[in-house]
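Understanding the architecture of this molecule
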Amino acid sequence: MYEALIQQIEEALARTAAWAETGWPVTFGFRNVAVTSLKEALALPKNAVFRHEAINYWRQVELTAEDTSVYGRKAIDALRQGNIESAVNDLYFAQYMEKPFAEYARTWLPLYDALHAEAGSCC
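Structural notes, computed from the coordinates. Remember, predicted model here, so these are calculated numbers, not experimental data. (Residues numbered from 1 in each chain as written. Predicted model: local features only at pLDDT ≥ 70, side-chain atom pairs only at ≥ 80, totals over all residues. Heavy atoms only, no water.)

1. As for the pattern of salt bridges
Stated precisely, the cut-off is as follows: Salt-bridge detection follows one rule: a side-chain nitrogen of Lys or Arg within 4 Å of a carboxyl oxygen of Asp or Glu. Put simply, DSSP marks the helices as runs of H or I at least four residues long and the strands as runs of E at least two long, and each gets a number from the N terminus on. Burial classes follow relative accessibility: with a 1.4 Å probe on protein chains only, a residue under 20% of its type's maximum area counts as buried, one over 50% as exposed, and anything between as partly exposed.
Under the counting rule described, the total for this entry stands at 2 salt bridges. The closest approach of N and O atoms between arginine 80 and glutamate 10, which form a salt bridge, is 3.2 Å. A residue pair is termed long-range when its members are at least 10 positions apart, and arginine 80 in helix H4 (residues 51-80) and glutamate 10 in helix H1 (residues 3-17) qualify at 70 residues. Look at arginine 80 and you get exposed, because its relative accessible area is 53%.

2. Digging into H1
Working note: α-helix, 3.6 residues per turn, so residues spaced by three or four point in the same direction. Applied cut-off: Expected helix span is computed as 1.5 Å times (number of residues minus one). Working note: the arc is built from the helix axis to C-beta atom directions.
In this model, H1 (15 residues) spans 21 Å end to end at C-alpha, consistent with the 21 Å of a helix rising 1.5 Å per residue. Of the positions making up H1, those classed as buried are Leu5, Ile6, Ile9, Ala12, Leu13 and Thr16. Down the axis of H1, the smallest arc covering the buried residues is 115°, so these residues share one side. Facing away from the buried side of H1, by more than 90 degrees, are the exposed residues Glu3, Ala4 and Ala14.

3. Focus on unusual backbone geometry
Of note, asparagine 32 is a non-glycine position whose phi angle comes to about 55°, a positive value. As for its position among the elements, asparagine 32 is in the loop between strand S1 (27-28) and strand S2 (33-34). The backbone phi angle of arginine 106 is positive, close to 40°, even though this residue is not glycine. With respect to the helices and strands, the residue arginine 106 is situated in the loop between helix H6 (102-105) and helix H7 (108-122). By relative accessible area, which is 58% here, arginine 106 ends up exposed.

4. Some remarks on the side chain of threonine 64
This is how it is decided: For this analysis, residues touch if any pair of their heavy atoms sits within 4.5 Å.
If you trace the backbone, threonine 64 turns up in helix H4. Assessed through its relative accessible area of 6%, threonine 64 is described here as buried. In contact with threonine 64, not counting residues within four places along its chain, are Trp19, Met97, Glu98 and Phe101.

5. So, the nonpolar core
Side chains that are nonpolar tend, in soluble globular proteins, to be buried together. Spelled out, the test is: Residue types Ala, Val, Leu, Ile, Met, Phe, Trp, Tyr and Cys, when buried and joined through side-chain atoms within 4.5 Å, form a set referred to as a nonpolar core.
By size, the foremost hydrophobic cluster in this structure holds 38 residues, and its most contacted members are Ile9, Trp58, Leu79 and Trp108. Sorting the residues of this core by element identifies H1, helix H2 (19-22), helix H3 (38-43), H4, helix H5 (84-98) and H7 as the ones contributing at least two each. By residue number, the principal contributor to this core is H4, which donates 9 residues. Beyond its immediate chain neighbours, meaning those up to four positions away, isoleucine 9 contacts Gly72, Ala75, Ile76, Leu79, Leu91, Trp108 and Leu111.

Here it is in structure tokens:
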């Protein structure tokens, strides 16, 4: 019944799992040095003043990806059971946790909006 939405959430899970790996443009330090992924942050010289800040940022991205994915999987389970209201709530939590990175990640809010609209049209 909700196969298209489930497919979109599965694609979002794959994108989310790669957030820290594929990254996005973020700058650190007084010189605004771009560090666009966790791999780049870990490769910074040990004496780089902003190394810890960059690593912490990308580790937070990684943790947020894990947390939002939990709710994405819950939404899939809810849709498979025909419980669209529960799925809407799960995607609400996913998009809420994504907010600090939403400008770049743009993963969960569009799905939440789509599912919320679907729920409104069916209920």
